[in-house]
Structure formats: structure tokens, C-alpha cells
Amino acid sequence: MRFSTTETASLTVVKRSGVTQPFSRDRIVAGVRKACQGRPVSEADLALLAQTVEEAVRATGAAQIESNDIGLAILEPLRKLDEVAFMRFASVYQGWETLEDFEAAINVLRVGRDELENSEVQTNRDSSN
């Protein structure tokens, strides 16, 4: 009988304080869960987001990663999952202090949404020809 094992390289997170700790998907889920409170986001959605973030972080090949880089890796998958949760997470993570900070982020979301809708319309036109 043969057994196979899958090994994953250890990944260390360097926090802002300089303290290091092992990477943990659970920490990602816990942090994002707060932003998703009251939103239609399931535990399975959170687990998938954490997996996506871990894969992106590990794809860099680095043995150590700054906690800030993990936060950046969370933003795009969270934006795709739930825009309100994205705004909550980004506002805390990026330290927004003024209404203008929120307005700027909302405008970026709107532009991204418009571009996505326009590309979908173009794709539909192309496929019907």
C-alpha cells in the first residue's frame, strides 16, 4: 500500500509590529467575517475567499509576507464577493478618514461595474453574430 502526502511550504506573516506568525486561513476568515456581518455571505463563501487569498499569496513564492500584502490580496476577491463588505473592510484596512475617501472608492466601484457591464454587452453581441 502506498501513501502520498501533500506538503505545503511554510509561510510566515510579518505583522506591522515586526512580530512573525504562521500564515492562517482562519485569520483571514475571521477578519473578513466582521466586514460581512449582516450581508448575504456564507461560511462557504468566506472559506473560498480565504483559499483564493492563500493561493495568490503562495504563488509569489515568498517564504515571508507582510500582513499588508495579505490585506491587499483580500481586497479584489472581497469586492467580487460583496461590494458593501469590501467597503467596510477597505475603509478600516486602508484607514479612510473622510467622506471623500468613501466617495472615491464608490466611484472606482462604479467605474469597474460599468466596464464589466460594457464588456458583457460586447461579448453577447460578439456571440450572437
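Let us look at the structure shown here. (Residues numbered from 1 in each chain as written. Predicted model: local features only at pLDDT ≥ 70, side-chain atom pairs only at ≥ 80, totals over all residues. Heavy atoms only, no water.)

The interhelical angle for the contact between helix H1 (residues 25-35) and helix H2 (residues 43-58), taken along N-to-C directions, is 125 degrees, at an axis separation of 9 Å. The angle between H1 and H2 places the two elements in the oblique class. H1 and H2 meet at a crossing whose hand is right-handed. Where H1 approaches H2, its residues Arg25, Ile28, Val29, Val32 and Arg33 are matched on the opposing element by Glu43, Leu46, Ala47, Leu49, Ala50, Gln51, Val53 and Glu54. In the contact of H1 with H2, the residues fall into eight nonpolar, one polar and four charged. (Axes fitted to C-alpha atoms, helices over the stretch in contact; angles between N-to-C directions. Helix = DSSP H or I, 4+ residues; strand = E, 2+ residues; numbered from the N terminus. Parallel < 35°, antiparallel > 145°, perpendicular 65-115°, else oblique. Left-handed = near helix turned anticlockwise from the far one by under 90°. Contact = heavy atoms within 4.5 Å. Nonpolar A, V, L, I, M, F, W, Y, C, P; charged D, E, K, R; others polar.)

This paragraph deals with the sheet that holds strand E2 (residues 20-22). If you walk across this open sheet you meet the three strands as E2-E1-E3, and the pairing is mixed. In this open sheet, the two strands that pair with only one neighbour each are E2 and strand E3 (64-66). Sheet twist, expressed as the average angle between the axes of neighbouring strands with direction ignored, equals 30 degrees. (Pairing = 2+ DSSP bridges.)

Right, let's talk about the side chain of Ser91 for a bit. Tracing the sequence through the fold places Ser91 in helix H4 (residues 83-93). In this structure the side chain of Ser91 is engaged in a polar contact, spanning 2.8 Å, whose partner is the backbone oxygen of Arg88. (Polar contact = N/O pair within 3.5 Å; in protein donor to acceptor, adjacent residues only side chain to side chain.)

On inspection of all chains with the given rule, the structure shows six salt bridges. Between Glu54 and Arg25 there is a salt bridge, and its shortest N-O distance comes to 2.3 Å. Taken together, the residues span a long stretch of sequence, with Glu54 in helix H2 and Arg25 in helix H1 at a distance of 29 residues. On the accessibility criterion, Arg25 (36% relative accessible area) is partly exposed. Several salt bridges share partner residues, and in doing so they unite Arg25, Glu54 and Arg58 into one network. (Salt bridge = Lys/Arg side-chain N within 4 Å of Asp/Glu carboxyl O. Buried < 20%, exposed > 50% of the residue type's maximum accessible area, 1.4 Å probe, protein only.)

It is at 9 Å that the axes of H2 and helix H3 (residues 67-81) come closest, and there the two elements cross at 140 degrees. Put simply, H2 runs oblique to H3. Pair H2 / H3 crosses with right-handed handedness. When H2 is examined against H3, the residues Asp45, Leu49, Thr52, Val53 and Val57 are found in contact with a partner set consisting of Ile70, Ala73, Ile74, Pro77, Leu78 and Leu81. For the contact of H2 with H3, the class distribution of residues is nine nonpolar, one polar and one charged.

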